[in-house]
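Now for the letters of each chain:
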Amino acid sequence: MNALKDKPLWEKSSTLTKGESIPLVVEIVSSNWRDDYLTKLINYEGIGINEYWIVDYLGIGGYRYIGNPKQPTISIYQLIDDEYQVQYFRGNESIKSTTFPGLNLTVDQIFQG
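Every value quoted in this text rests on a predicted model; they were computed, and no experiment measured them. (Residues numbered from 1 in each chain as written. Predicted model: local features only at pLDDT ≥ 70, side-chain atom pairs only at ≥ 80, totals over all residues. Heavy atoms only, no water.)

Colleague: Can you lay out a nonpolar patch on the surface for me, pointing to particular residues and giving the numbers?
Modeller: A surface patch of nonpolar side chains, about 380 Å² in accessible area, is lined by V26, I28, Y57 and L58. Mapping L58 onto the fold places it in the loop between strand 2 (51-56) and helix 3 (63-66). (Patch = residues over 30% accessible without salt bridge, like charges linked within 9 Å, V, L, I, M, F, W, Y side chains within 5 Å. Areas by Shrake-Rupley, 256 points an atom, 1.4 Å probe, with all protein chains shown as cover. Salt bridge = Lys/Arg side-chain N within 4 Å of Asp/Glu carboxyl O. Helix = DSSP H or I, 4+ residues; strand = E, 2+ residues; numbered from the N terminus.)

Colleague: How would you explain the environment of F111 if you had to name every residue and give the values?
Modeller: Mapped onto the elements, F111 comes out in helix 4 (residues 107-112). What makes F111 partly exposed here is its relative accessible area of 28%. In contact with F111, not counting residues within four places along its chain, are V55, D56, Y57, P72, T73 and I74. (Buried < 20%, exposed > 50% of the residue type's maximum accessible area, 1.4 Å probe, protein only. Contact = heavy atoms within 4.5 Å.)

Colleague: Run through helix 2 (residues 33-47), naming residues and quoting values.
Modeller: The end-to-end C-alpha distance of helix 2, which contains 15 residues, comes to 21 Å, matching closely the 21 Å that a straight helix rising 1.5 Å per residue would cover. K40 marks where helix 2 bends most, by close to 40°. For helix 2, the full list of buried residues reads W33, D36, Y37, L41 and Y44. On the buried face of helix 2, the contacting elements are strand 1 (24-28), strand 2, helix 3, strand 3 (73-80) and strand 4 (83-89). Phi turns positive, to about 90°, at G48, one or two residues after helix 2. (Expected span 1.5 Å × (residues − 1). Bend = angle between axes of the 7 residues up to and from the residue.)

Written out as structure tokens, the structure reads:
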């Protein structure tokens, strides 16, 4: 987090303007799931956050985001050519992350953790 010391707005209001300061953001879905799947996704993509995880452990996001039937899902958005590409991970699937290439966890392991 050394890069944050050079961000003038961080100390007063936790505001970032460039994504290179934080390579990964993880959001845990709650009743305001639309913020995670819509608003925050667009904002993080716009400032260049390289990787964005949406952890929907209750499976409450919209069908277009986690499928039908709804089920606990980890959506990993990776910035490619300034645009997010998404992969969905469920159950015993191993999570794949460019930020943590050596990560060896399944979705079930995280949700049961």
